[in-house]
Amino acid sequence: MKTNITRLSVIAASTAGATALMLAGCASQGSQSQAFPNHASPAAMKQATLAFKRDFQAKGIAGIDRLTTDKLQDVCNRSANNPSPDIAAILEHEELDRIKYPADGKFLGNWKAGEKLAQSGTGMTWSDNPEKPVGGNCYNCHQLSKTEISFGTIGPSLLNYGKLRGNSPEIQKYTYSKIYNSKAYNACSAMPRFGHVGALNETQLKDLVALLLDPESPVNK
Amino acid sequence: MKYRIAVVATLAVAGTGSVLAQAKDPTIAGIEKYREMLGDDNPAELYEARGEILWKMKAGPKNASLEKCDLGLGPGVVKGAYVQTPRYFADAGRVMDIETRINWCRTSLQGFSEADVRKRPFGSADKPSEIEDLVTYVVTASKGMKVNVPTSHPKEVEAYELGEAMFHFRAGPYDFSCASCHGESGKRIRLQDLPNLTTTADARRAYIGWPAYRVSTSRVHTMQWRINDCFRQQRFPEPKYMSEAVDALITYMAQTANGAEYKGPALKR
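Residues numbered from 1 in each chain as written. Chains lettered and ligands numbered in written order. Predicted model: local features only at pLDDT ≥ 70, side-chain atom pairs only at ≥ 80, totals over all residues. Heavy atoms only, no water.

Asks: Please provide a residue-by-residue account of the confidence of the model for chain B, values included.
Replies: Residue and element names in this part refer to chain B. Per-residue confidence for chain B averages 89 on the pLDDT scale, and 85% of its residues sit at or above 70. Throughout residues 1-24 the model reports pLDDT below 50, and contacts reaching past four residues in sequence, or to other chains, amount to 50 contacts. Scored by ipTM, the complex comes to 0.89, with pTM at 0.88. (pLDDT = per-residue confidence, 0-100. Contact = heavy atoms within 4.5 Å.)

Asks: Talk me through unusual backbone geometry; I want residue IDs and the actual numbers.
Replies: Along the chain, Thr85(B) connects to Pro86(B) via a cis peptide bond; the corresponding omega equals 0 degrees. Along the polypeptide, Pro86(B) turns up in the loop between α3 (44-56) and β1 (87-89). Note the cis peptide between Trp210(B) and Pro211(B), where omega equals -5 degrees. For Ala80(A), which is not glycine, the phi torsion reads 55 degrees and is therefore positive. Assignment of secondary structure puts Ala80(A) in the loop between α4 (71-78) and α5 (85-97). Of note in the backbone geometry, Arg235(B) takes a positive phi value of approximately 70 degrees without being a glycine. In this fold, Arg235(B) is placed in the loop between α10 (223-233) and β7 (238-239). Residue Arg235(B) is classed as buried on the basis of its relative accessible area, which comes to 6%. (Helix = DSSP H or I, 4+ residues; strand = E, 2+ residues; numbered from the N terminus. Buried < 20%, exposed > 50% of the residue type's maximum accessible area, 1.4 Å probe, protein only.)

Asks: Residues and numbers for the sheet that holds strand β8 (residues 266-268) of chain B, please.
Replies: Residues and elements named next belong to chain B. In spatial order, the strands read β6-β5-β8; together these 3 strands make up an open sheet with mixed pairing. Each edge of the sheet is formed by a strand with only one pairing partner; in this case those strands are β6 (219-221) and β8. Between one strand axis and the next, the sheet turns through 35 degrees on average, direction left out of account. Sheet topology note: the strand β5 (residues 212-214)/β8 ladder contains 3 bridges and is parallel. In the sheet register, Arg-214 faces β8, and the bridge partner there is Lys-268. (Pairing = 2+ DSSP bridges. Axes fitted to C-alpha atoms, helices over the stretch in contact; angles between N-to-C directions.)

Asks: Any details on the nonpolar core? Residues and values, ideally.
Replies: Counting 61 residues, the largest nonpolar core has Trp55(B), Leu71(B), Ile102(B), Met166(B) and Phe231(B) as the members making the most contacts within it. Counting residues per element, this core draws most heavily on helix α11 (residues 244-257) of chain B, at 9 residues. Residues in contact with Met166(B), not counting those within four places in the same chain, are Ala48(A), Ala51(A), Phe52(A), Phe56(A), Cys178(B), Phe231(B), Ala245(B) and Leu249(B). Among the nonpolar cores identified, the runner-up in size contains 33 residues, and Met124(A), Leu200(A), Leu208(A) and Val209(A) belong to it. (Core = buried A, V, L, I, M, F, W, Y, C linked by side-chain atoms within 4.5 Å.)

Asks: A description of the environment of Pro173(B) should follow, citing residues and the corresponding values.
Replies: Locating Pro173(B) in the fold gives a position in the loop between α7 (154-167) and α8 (178-182). Separated by 62 residues in the primary sequence, Pro173(B) and Arg235(B) place their C-alpha atoms 6.9 Å from one another. Non-local contacts of Pro173(B), meaning those with residues more than four positions away in its chain, are made with Arg66(A), Met124(A), Val197(A) and Arg235(B).

Asks: Explain empty space enclosed by the protein to me, and be specific about the residues and the numbers.
Replies: Residue and element names in this part refer to chain B. Inspection of every chain in the model, using the stated rule, returns 3 cavities of 30 Å³ or more. Taken together, Tyr-82, Pro-86, Asp-97, Ile-98, Glu-99, Val-135, Tyr-207, Pro-211, Thr-222, Met-223, Gln-224 and Ile-250 make up the full set of residues lining the largest cavity. Elements that contribute at least two residues to the lining of the largest cavity include exactly α4 (98-108) and α10. (1 Å grid on protein atoms, 1.4 Å probe; cavity = no way out; pocket = protein on both sides within 12 Å on 5 of 7 lines; lining within 4 Å. Points joined across faces, edges and corners; volume = space filled by probe spheres on them.)

Asks: Explain the layout of surface pockets to me, using residue names and the numbers behind them.
Replies: Taken as a whole, the second largest pocket holds about 360 Å³ of empty space. Lining the second largest pocket are 18 residues, and of these Lys155(B), Glu158(B), Ala159(B), Leu162(B) and Glu244(B) sit closest to its centre. It is helix α3 (residues 42-55) of chain A that provides the largest number of residues to the lining of the second largest pocket, a total of 6 residues. Per-class residue counts for the lining of the second largest pocket are 8 nonpolar, 3 polar and 7 charged. (Nonpolar A, V, L, I, M, F, W, Y, C, P; charged D, E, K, R; others polar.)

Here is the structure:
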């Protein structure tokens, strides 16, 4: 039931004003915003699963356990990233339920640290040093500030993110949740689940929320 | 260097991204300078020349050359062989890409062990790998020819379907598949354009420049390497060299690219 309350609070926030409408659109768009079509049949997917098990080997920190799909990945693979709306809703509820929120109830960290993190694209590959912190990879996929022109376009532009949505507790919580687990709002989102898989810790997530919402951050300048 | 340079792909694909941003990318500007400096030369030609020597040289426990190697068009036929692979090879009982096939000849004709040919598939700038030389030699002989990969043998159909499914298989800590980065048109990571390998147009453009000489690493890389490094970026474990899985992905891309004119090893970022 915690799930429903959190979801409701996001929707509730959306009634607050025009900017939040965009948020509601994004949140409810859910599984319909299919990231990439795929024509592979379920039978071929099964063969692929077997080929991955047979033809891959562990290297560095990348063990073969990474090829074992979780339930969400499984459903996305079998449905060409387009599960039926009721299945998508269940998956999104489950992902939302797994989010761990900061014990101190605060979501805003240091935007400067967030910007550094957003710039860094390292982490989680077999050639990465596991002793070094994992980067956020945000600029790989998103435009975030006017000053950084080297940005990717797999995700939407987040320029003026805070300016457009304000800085309400609901928006803060949504932003933290989205970065923690993007699939809580879009079951087969192309975006990784940074908090869920332990790539980014609570402090780092807060720093990224600040990057997106702090009025002083380059995102909102 | 007698061969004309084949600079294509990466430098020409700027189209869809922000042109302004592209123009300011120091790497791209750097490559353009580099290209000017080279004039008509592509360092891949050195690989090709070494590869030709290796092809004709007697080597291995059986002290044989590779000149009788059957790359799909009959023993000894090199010209045009590359653009008709990956294909099913009855003697091996499986679909093979060009690299897998050349290594197959090294073991069957020259007597090298499986372990020998797997030892160092990817060279370094100062220490080239023999297979990269051999592959460069063989692919260059198909320059200017149409990609015409056979699609009718059941094993070729199977490899395509497996490759396509693998391409869309999401897993790992970031839930990535190949399609996460190559499944939509007009996308990029930072300033690097990402071909949508599910479309004919982009698959062709990407395929015709590989293997490639990469300025950033100062060496020739094969398609086996390209797939290996993309799996690294996908945060997956490592695909085994020359495995059916890797060859299936290459089959999927090659069949999608069918009909394009092969440009020979390109110069890339």
